[in-house]
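Take a look at the letters that make up each chain.
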Amino acid sequence: QSQLVESGGSLVQSGGSLRLSCAVSGYTLDYLAIAWFRQAPGKGREGVSFSSVSESCTRYADSVRGRFTISRDNSKNTVTLQLDNLKPEDTAVYYCAATWIKGFGSVSVRAMCERMLPDDFASWGQGTQVTVSS
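Model, not experiment: these values are computed from the prediction.

A. Spotlight on the sheet that holds strand β7 (residues 68-73). Strand order in the open sheet made by the four strands is β1-β3-β8-β7, with antiparallel pairing throughout. In the strand order of this sheet, the two ends are held by β1 (3-7) and β7, each with one partner. This sheet shows a mean twist of 20° between the axes of neighbouring strands, independent of strand direction. Taken together, the five bridges between β1 and strand β3 (residues 18-25) define a ladder with antiparallel strand orientation. Paired with L4 across the strands is V24, a residue of β3.

B. Structural context of unusual backbone geometry. Positive phi, normally seen in glycine, also occurs at N85, with a value near 50°. Take N85: it is sitting in the loop between β8 (78-83) and β9 (92-100). When its relative accessible area of 42% is taken as the criterion, N85 is described as partly exposed. Despite not being glycine, M116 has its phi angle at roughly 45°, a positive value.

C. Broad picture of the pairing of β3. Side chains of β3 alternate between two faces, with L18, L20, C22 and V24 buried and R19, S21, A23 and S25 left unburied. Here β3 pairs with β8 via six bridges, running antiparallel. Within the sheet, the bridge partner assigned to S21 lies in β8 and is T80.

What counts, and at which threshold
- Residues numbered from 1 in each chain as written.
- Predicted model: local features only at pLDDT ≥ 70, side-chain atom pairs only at ≥ 80, totals over all residues.
- Heavy atoms only, no water.
- Pairing = 2+ DSSP bridges.
- Helix = DSSP H or I, 4+ residues; strand = E, 2+ residues; numbered from the N terminus.
- Axes fitted to C-alpha atoms, helices over the stretch in contact; angles between N-to-C directions.
- Buried < 20%, exposed > 50% of the residue type's maximum accessible area, 1.4 Å probe, protein only.

Read these as spatial facts, not as claims about activity.
This is the structure we're talking about:
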């Protein structure tokens with residue numbers, strides 16, 4: 001099972017930027033699909049972004065598309081979520097999550113990518129707090 005550790009969350013003003021990092025150990029990123037979720041107080045866990053290099057699937061929630069960017073550095077086994085033009089409604093605890101996809105068919109991976117549901121992911125980080133002030 002992979003291990004994930006998030007970092008980079010902070011307090012930032014509206015319109016500002018943050019870069020969140022997810023350090024992955026246990027498996028190479030080539031074997032994993034990585035997603036970012038967030039959870040605001042009193043709300044459910046929301047899928048933010050999904051990345052699968054091997055199946056070329058990248059997806060963003062409508063609420064963040066055009067502002068957030070997910071990327072991978074396979075040599076360092078890290079996944080980054082760049083958050084630009086932050087809004088107060090982006091305030092939440094952000095989690096990275098991983099699921100094994102090596103050997104999976106493209107249809108299965110694509111379905112995971114499209115739905116971005118927490119139940120598809122077995123490995124989770126502890127979360128990092130992002131607070132956006134108005």
